[in-house]
Every structure is written in C-alpha cells, then in structure tokens.
Amino acid sequence: MHWTASTHSPQHRLSIVAMNHQQRPSLVLAPSVNTTTVVTTTTTTTTYAPIPLPALPPPAEPKNPKDYPLLHANLPPSLRKFTLVFPGGSRATFHDGEDGEEQMQEEEPVASGVGWKMLKQDESGETGRLVGLAEAVERFGRKRSHAADNMMEGVELTSERDTHTPPRKKARATHVPPISTINAAAPPSPLPSPHGSPPPQPIWPSAPPSGVSSPQSQPPLQPDLSLTTLLTLPSLLTHFTTLPQPLQAHFLLTLIRHSPLPVLRVLHSVLTPTLARDFLTLLPPELVSHVLSYLPYSTLARASRVSKAWRAIIDSDPVLWRDLMKNTKIWFGGDSEQAFARSVYSRRTLEVSKVALPLPHPYKLLFKSRHLTRKRWVTNENPKHLSFSAHGTSVVTCLLLSHGRIISASDDHSIHVYSPATGELLQSLDGHEGGVWALAASRDILVSGSTDRTVRIWNLKTGRCTHVFAGHTSTVRCLAIVRPEVIDIQGEGGIVTREKWPKRSLIVTGSRDHSLRVWTLPRKSEPEYRWSGADDADAELTEEDVEENPYHKLHLEGHDHAVRALAARGRTLVSGSYDCTVRVWDIFTGECKWVLVGHTQKVYSVVLDLHRNIACSGSMDGTVRVWNLGNGQCQQTLTGHTSLVGLLGLSPSYLVSAAADSTLRIWDPDTGELRHTLAAHTGAITCFQHDEFKVLSGSDGTLKMWNIREGTVAKDLLTDVNGVWQVVFEGRCCVAASNRNNTTMLDVWDFGTDEDDEWVGEPPGGIYDDDTDGEDEAEEQADVDAMDQDLQVDVSAEGSAEPEGMQGGSRSSGVVDESDRCRGHSDTDDEFMDRVDGAEGSKSGSSSTRTNTHQLRNRTMVTGGLLRRNNLPSVDGIPTRLPTQETPTRPRVRPATRNGGRR
C-alpha cells in the first residue's frame, strides 16, 4: 500500500468591487486551496532458518611422501617435551604423543643425586601431569572463550553464551551483529510512525506483506567444508597468539609436516630472505679468519664473488693469505714478503685509486703472483714469443727488464730502450765514448758505467743525459743503486735497532782502478751536473774536479787490484776484487769493517743477504765461500765446481752458482748443503737468473729452464744459437740476448694470459725501486744536518780529522730508540742475534787516506741519541696491520731477552 501526503501553499486573488455612493467599497478574497499528500512505504521481511554448517571432518593423514616431503620429519627434542604454565598458574608437561615412549627416552639423562635433581631451564620441581596438543591449546584458549571480544566474525554465537557474558567495565567497539534465527518482522502500518521507522530486520525482500513469517525459502548459498574452515581461522589465530612459544613452534611444525610441496616452496621463498644471516660479517674477525683458513684457494676465489662484503673480508685478511702461502709452499720467508708489501703500499701512496672496493692486502696480490708464476711458466706451452734484432752484431753486455722497458747496453757504446710488447726501439741513449759494462735502473732513472771512466745518469722519460760524474781513472766495471730501507743495526753491547739506511738513494761504483766510489743519486728537483771534461776527450781529471761534484760522497780505497763485483744494501757494501779478497764497507762512514781472506784466486762474483747477515763470493779457484758479516769469518766453503765460478745468485731459499765447467749448483744458504747439480749445458754458463721456482741459464747454443726444486730441465727456450749473452725475467716476461747467424737478437716471452691482470713480478734479489720522490725532504735533510753537526762535535773533541768511531772500527752506538724499546724485538731480530756470536775476526784496511774537508763533511757517525724515526713506518716500513709471525688466534710470544738483547 502506498500513501503520499503533500501540502500546497494557498493562493489568494484580490478583487475590488465598486459600490454606489451610499455603500462603502469592499475587498473580496478568492478562496485559498491547500493540498496535502501522504505516502506510506511498507517493507516485508522474509527470514530463513539458521544455515547448518557441515562439521569439520577429522584430518586426513597424507599418504604420498613425494607430495609431502616433511611428513615424517622428526621434531627437535626441545619440541617433543617441554614445561607449560597455564593462565591459572597450573603447570604441566607437554608431550608429543605421536613420538611414543621410544622417542621420549632419547632425552638426555637428568643429573641427580641424593635429595637433589638438576633442573633444566624453565623447569621446576613440580612438572604436573602430561598433556597433549589438543588439551594444551584448549586450556590456553578457555579463558578467552568467555570474553565478549571474539574474533570469529561472521560465525553465529549461541544465545546462551550471549546471555551469560559478564558485563564489561568499559564499552567495547561495535561488533558485527550475530546471525539470529528469530523472526522479528512486524505487521505494516498504514501511517508513518511518529517515532521514526524501526531498525531494519534481517528479512528477505521478496516476502509478501504479512505479519506472519513467510514460508522457509531456499538459502542463496550452500556452505561447504572450505567455508567452514575459513570461518574458523580467526578463532585459530586468536588461540595461536595466546600459546607459549614452544607450543607455537610445535603447532607450526605440525602444519608444515602436513603441507604439500608447492606450499613449502612458497614458505621457502618468504622465509629464506627473511632469516638469511651473513655470518662472515657478524662473526669476530678472528673466527672469520679461522673459518676461511680451511678453504682452498679455488673456493676462496668463488667466495669472494658472493658479495662486496665477502670480497672485502677475504681480500683484506693478511693472516689468511699468509697461511695459504705457507700451506701451498710459496711462502719464502726472510724479508721477501714484507719487501713486497712495502712496495705495494709505496705505489698506492703515489696512485689515486678509482676502485669502489677496498684495495686487497699485498699478501693477496703476492699469493696470486706466486701462484701464477708457479703454474704459468710450466703449463703454458705456447707463450707469446717476440724476436727482433738489436745492436747490430755487437755483444750485449748488460740487460735489464724494468717497469715495462727492456734496457740493453753494448760494447758499441750505446744503450737502447725497447718495448717488450712490440719490440719497438723507444730510445737510443748515446753519449758514452766507450763500451757500457754496468747498468742499474730505478723507475725513470738509469745509471750507466763505461770504459770511458765516467758514470752517466739518464732520464728515461726524455732520453736525456742529466748528469756526468767523473772520478774513476779506469773502466767502471760494476755499479749498484742503494735505496733506503729499514735494516738491522747492531750497536754496542749487541743491541739491535731497526733503522732506515741510507737516508736517501745512493750510487756505488767499482772500477779497475782498484777503488770504489759512493755518490748521491740526484733527485729530479736538483740541478744537473756535468763534469767539465765530459765533452772533451783530451781533458785530464783532477782531484779538484771530483771535489767540485756536489753528489760525490766517498772514495773507498783498499783493494790491490781491479774491483770486479759489488753488492750493497742498507749501510753495507761488499766488493770482490782480483786481489783474491772480499771487503765489507760501511757506506755511510766509508769504514772498511772486514777484509775477508780465503780465496786463492780472483773473485768474480759476490752476493749479499742482510737478513741472514751473510755474504757469498765466487772465485776462479772453483769455490764459493759464505762469510759471516758479524764476525768476518768464513762460515762455509762450498766445493764441487771445477772451474771459474763467475756468477752467483741468492734468493730466500736457494744459493745458485754458475761456473765455466758448464754446470750450475743449487745450495742451501743456511747449511751449505748441495741440493742439486744442473748439468745439461755443453759450454761455460754465460748468464743465469733464478727465483724460488725456476732457473734460466744460457750457454753456447741453448737457453734452458730448470725446475729448481727438483733439479730437472723443464724446457728449452732457445736452441741452435751461437751464444746466449744475457737473460732476465720478472713476473710473466722473460728477455734474452743472443747471437744468431752473426746478428744480435733479443727474444721476449710472455707466459701470461689475458686474465692475468694482477700478476705482479718480484725483482731479482727482492730489491724494489718504487719512486720515493714523495719523501719528506725537509725532515730527511734535518737528519743529515744533525748527523753532520754531531760529527763536527766528535772531531773537535778528539782533535783529529778521523772520527773516533772509525779508529776503533766500531759500528753505530747502542742507543735504542724509545719506540723500538716499547715495540720489542721481532722474531727476525732474535734470529739475527743468534747468528752473531760476537767473536772478533781479522779486520784490516781503511778508507781513503785523504781526509779533506769534503770527505769529513760527508762521512758522519751515528752517536748517542741521534736515532730519529719520525718519517719511518710503524713496523719495518709496513703498516701495523701486516702480520709478522703472530695470528689473531695465536698471538706471537716474544721471548724474554738478557744481556742487552741477546737470548
């Protein structure tokens, strides 16, 4: 029935009626009309009986283990039995009934005694009774089941539970009204209610207008098991959040065990990134280093590509790479590893790194370089080979491989610089008026000695001769550049200190005029110097010409014949002469500390090892002698060669001698034991070089490579040549000068591959020539000035031109720097002191008898309190993070010393 009510506003019409003169005028209004419309809406509601939901069936046990991989997975023991404390305070022990008594016996036995028992965590003496999963969940959810705050939205609540709901102190938020089964429909009213319409009741809109419930109709949806399960999830979540963590874990694992493989994959994709932990970044560095020490090199290489963090950790661990080198037998000992590290750090200070990742520790680079050196030289059967002619038909007297340059000198007075990659002649250094028989290079500086009796210094970048030194009166037969390095200095009382010597780079030259000279290596910023007679072939050299040279330091006299060979490191200079003696000099003071007598014929070769404190010499008498520099005595005489021993080489583990008897012999430098005799050449050995893996030797007709550890021939690099004059190698490259068909040829081999970008070679003898132009010249000059001033004090006090320390033949004083006293002696220091037995040997000879003012100004002594170290690195020139003998897990124990540092 539909009623509509409406009201219209009255409309008035005004009219004026004219009357006669006896009547008054009147105003007549037309009737007004009001219209009211009444509308009544009647809604009929049809109700349904409660929809019965199907009961949840008992869970079906999965049968196919392929679809349910974790179906029979064992639960952890901590989830099979644990203690529960219910909300009411009662306690019980949860026990997974499926495991049975057999698994219960797997628990660890409980320690107990008379009147006591060891309790586990969260366990008391009253364990209560055993409960299962269903009972535990029910008891934890019982208290919440009486609350009005029910999370089962959309699920019908019984009226009884609503009736007995305890009153709330505070109003709760409005919940979704429960589904009701009572028909609350009311009969329609013909008029609108004055109090407003009643709230709508849940009825079906298609019911007829009647006050009586309509017939039951078919429900619009039919519930199934999925709907029933879905409606129980809120209640399940509510109960789950109230459970203790052990019970939650047990419940979840039960669900996971009954989950098919696709569900497990989804869980894995969510949990794996969430629970992932980078253990290398979380563990302490000591443990990380210990864990990584069990991995081989190939695994470490793969691990370093996992992430930037892993690469930084692996690359920067010095102990890891040191132990890896030791385990793979490529840790050589001595000072070779620390010298390499110092060289790397020195280069990095001069280079601006553009790499985002941290630079690797030098030991990592050293491991890779030595690993490649050991593998590539043997396994690469087809190295890149380049051959080109050089110097016409002249003999190559000297050959160097330095900083990407091949430098060769010849008896045709020339010096050539070639590219090892292309063989292109880069520079031709002309100026000498005689054959060039001595060469030494330091980065962009080249020093040459010639039969024209001069020493020339060249700029390899420009090809210019910047300095010409004169002083020798005969052929300059040998020379060396002595660079500053930290060395052991033994003072009075046997106290050993670590000092940097020389203070700046020096040049030492030996000549057939029976003498040696010491010069300062000019810096780029210092003025050029040329002897006035350098361009005049008829000019006569005078003593005044030598004194005018600001770079001349010392003139060392004492040999009675030509100086044939020399070796210099730190403050020590060793020279071998045709007078059958070997002399040991102090480069700084010019003092001849020892005259080593023992050879019966000319000495042709010498080598020096400051770490072992020994020098070795080879002579025409066929012997090699090992000399103790601490006492001047001959430690060993190595016999076996039957002819002139013209060449010697010394590495951390091997002493190699080459003789005119066509053999090479490999010795143990510590014991003098003969390890191998390399006999495959048919003529005198003309050249050789070795490292810890191989020996390259040249003779008439062949250039051979030997395995130094096994003493066998590895391969022939050159055959069918007239003669091999020189051979050098460094890193991946090897260069040889030979004569083929009356033509001088240079051959270059590259044993590396395109991936070997970090193959850093180790120079012969471990002498690095990194640029030190960035040194603090002001501080260095302060050291020199202080020593000059101290020398003047000593001279004036004694009233003699010869320093007192030189008269007694003593070395530097025993004053120890305070930083050394706090730091303590290293293991290498103790080994050094063990080798110095303190016995006095024969000493004779002296420096030049001329004691002019120029020599006094330059020959200074180190005396009390003058050991300055402000510009030295923390430990041996290497940052303190570089290890010596200790590891993070095994710190080095420094033994106590007595008697001034001796053990």
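This text goes with the structure placed above it.
Overview of the structure. (Residues numbered from 1 in each chain as written. Predicted model: local features only at pLDDT ≥ 70, side-chain atom pairs only at ≥ 80, totals over all residues. Heavy atoms only, no water.)

As for the packing of helix α13 (residues 336–350) against helix α14 (residues 362–379)
Line of reasoning, step 1. Direction vectors running N to C along α13 and α14 enclose 115°, while the axes themselves pass 9 Å from each other. Where α13 crosses over α14, the two elements pack in a sense that is right-handed. In this structure, α13 uses Ser336, Glu337, Gln338, Phe340, Ala341, Val344, Tyr345 and Arg348 to contact α14, whose residues at the interface are Pro362, Tyr363, Leu365, Leu366 and Arg370.
Line of reasoning, step 2. Taken together, the residues that form the contact of α13 with α14 break down as eight nonpolar, two polar and three charged. (Axes fitted to C-alpha atoms, helices over the stretch in contact; angles between N-to-C directions. Helix = DSSP H or I, 4+ residues; strand = E, 2+ residues; numbered from the N terminus. Left-handed = near helix turned anticlockwise from the far one by under 90°. Contact = heavy atoms within 4.5 Å. Nonpolar A, V, L, I, M, F, W, Y, C, P; charged D, E, K, R; others polar.)

Focus on the sheet that holds strand β40 (residues 723–730)
Line of reasoning, step 1. Sheet architecture is open: four strands sit in the order β8-β42-β41-β40, paired in antiparallel fashion. Of all the strands in the sheet, just β8 (384–389) and β40 have a single pairing partner and so form its edges. The average undirected angle you get between the axes of adjacent strands in this sheet is 15°.
Line of reasoning, step 2. In terms of strand pairing, β8 meets strand β42 (residues 743–750) through six bridges, oriented antiparallel. From the neighbouring strand, Ser389 faces β42, where its bridge partner is Met745. (Pairing = 2+ DSSP bridges.)

Topic: unusual backbone geometry
Line of reasoning, step 1. Cis geometry marks the peptide bond from Trp501 to Pro502; its omega dihedral reads -15°.
Line of reasoning, step 2. The topology assignment puts Pro502 in the loop between β19 (496–501) and β20 (506–511).
Line of reasoning, step 3. Phi is positive for His391, which is not a glycine, with a value near 60°.
Line of reasoning, step 4. As for its position among the elements, His391 is in the loop between β8 and β9 (396–402).
Line of reasoning, step 5. Among the residues examined, His391 registers a relative accessible area of 7% and is labelled buried.
Line of reasoning, step 6. In the Ramachandran plot, Ser662 falls in the positive-phi region, its phi being about 70° despite a non-glycine side chain.
Line of reasoning, step 7. If you trace the backbone, Ser662 turns up in the loop between β33 (655–659) and β34 (664–667).
Line of reasoning, step 8. Residue classification places Ser662 among the buried positions, given a relative accessible area of 15%. (Buried < 20%, exposed > 50% of the residue type's maximum accessible area, 1.4 Å probe, protein only.)

Thoughts on a negative patch on the surface
Line of reasoning, step 1. On the surface, Glu433, Asp536, Asp538 and Glu540 cluster together into a negatively charged patch.
Line of reasoning, step 2. Structurally, the position occupied by Asp536 is in the loop between β22 (529–530) and α15 (543–548). (Patch = residues over 30% accessible without salt bridge, like charges linked within 9 Å, V, L, I, M, F, W, Y side chains within 5 Å. Areas by Shrake-Rupley, 256 points an atom, 1.4 Å probe, with all protein chains shown as cover. Salt bridge = Lys/Arg side-chain N within 4 Å of Asp/Glu carboxyl O. Lys, Arg positive; Asp, Glu negative; His and termini not counted. Charge placed at Lys NZ, Arg CZ, Asp CG, Glu CD.)

Some details on helix α11 (residues 308–315)
Line of reasoning, step 1. All of the buried residues in α11 are Trp310, Ile314 and Asp315. Seen end-on, α11 carries its buried residues on one side only, within an arc spanning 120°.
Line of reasoning, step 2. Each element contacted by the buried residues of α11 is listed here: α8 (279–282), α9 (285–292), α10 (297–303), α12 (318–327) and α14. (Arc of directions from axis to C-beta.)

Observations regarding the side chain of Gln636
Line of reasoning, step 1. Mapped onto the secondary structure, Gln636 falls in strand β31 (residues 634–638).
Line of reasoning, step 2. Residue classification places Gln636 among the buried residues on the basis of a relative accessible area of 17%.
Line of reasoning, step 3. Within polar-contact distance, the side chain of Gln636 engages the backbone oxygen of Asp670 at 3.4 Å.
Line of reasoning, step 4. Sequence-distant contacts of Gln636, that is, excluding residues within four places in its chain, are made with Val624, Arg625, Val626, Pro669, Asp670, Thr671 and Gly672. (Polar contact = N/O pair within 3.5 Å; in protein donor to acceptor, adjacent residues only side chain to side chain.)

Quick notes on the pairing of strand β36 (residues 687–690)
Line of reasoning, step 1. Here β36 shows a buried face lined by Cys687 and Gln689 and a second buried face lined by Phe688 and His690.
Line of reasoning, step 2. Two strands pair when backbone bridges link them, and β36 and strand β37 (residues 694–698) are joined in this way by four bridges, in the antiparallel orientation. Each residue of the ladder has a partner; that of Cys687, found in β37, is Gly698.
Line of reasoning, step 3. If you look at the hairpin formed by β36 and β37, you'll find three residues sitting between the two strands.

Description of the pairing of β33
Strand residues, when the strand is regular, have side chains that alternate between the two faces of the sheet.
Line of reasoning, step 1. When you tally the buried positions in β33, you get five out of five residues, the bulk of the element.
Line of reasoning, step 2. The side-chain alternation of β33 yields two buried faces, one formed by Leu655, Ser657 and Ala659 and the other by Val656 and Ala658.
Line of reasoning, step 3. In the sheet, strand β32 (residues 645–650) pairs with β33 via five bridges, with the strands oriented antiparallel. Bridging across to β33, Leu650 finds its partner in Leu655.
Line of reasoning, step 4. Taking the residues between adjacent antiparallel strands as the criterion, β32 and β33 are bridged by four residues.
Line of reasoning, step 5. The pairing of β33 with β34 spans four bridges and is antiparallel. From the neighbouring strand, Ala658 faces β34, where its bridge partner is Leu664.
Line of reasoning, step 6. From the end of β33 to the start of β34, which pair antiparallel, there are four residues, and Ser662 there has a positive phi angle of about 70°.

Considerations on the packing of α12 against α14
Line of reasoning, step 1. At a minimum axis separation of 8 Å, α12 and α14 run at an interaxial angle of 25°. Looking at the two axes, α12 sits roughly parallel to α14. For α12 against α14, the interelement crossing comes out left-handed. Where α12 approaches α14, its residues Pro318, Trp321, Arg322, Leu324 and Met325 are matched on the opposing element by Tyr363, Lys364, Leu366, Phe367 and Arg370.
Line of reasoning, step 2. Broken down by class, the residue content of the contact of α12 with α14 amounts to seven nonpolar, no polar and three charged. (Parallel < 35°, antiparallel > 145°, perpendicular 65-115°, else oblique.)

A closer look at the nonpolar core
Line of reasoning, step 1. Ranked by size, the top nonpolar core spans 24 residues in total, and within it Leu292, Leu300, Ile314 and Trp321 carry the most contacts.
Line of reasoning, step 2. Among the secondary structure elements, those contributing two or more residues to this core are α9, α10, α11, α12, α13 and α14.
Line of reasoning, step 3. Of the residues forming this core, the biggest block, five residues, is contributed by α13.
Line of reasoning, step 4. Leave out the neighbours within four places in its chain, and Leu292 touches Leu280, Leu300, Ile313, Ile314 and Leu320. (Core = buried A, V, L, I, M, F, W, Y, C linked by side-chain atoms within 4.5 Å.)

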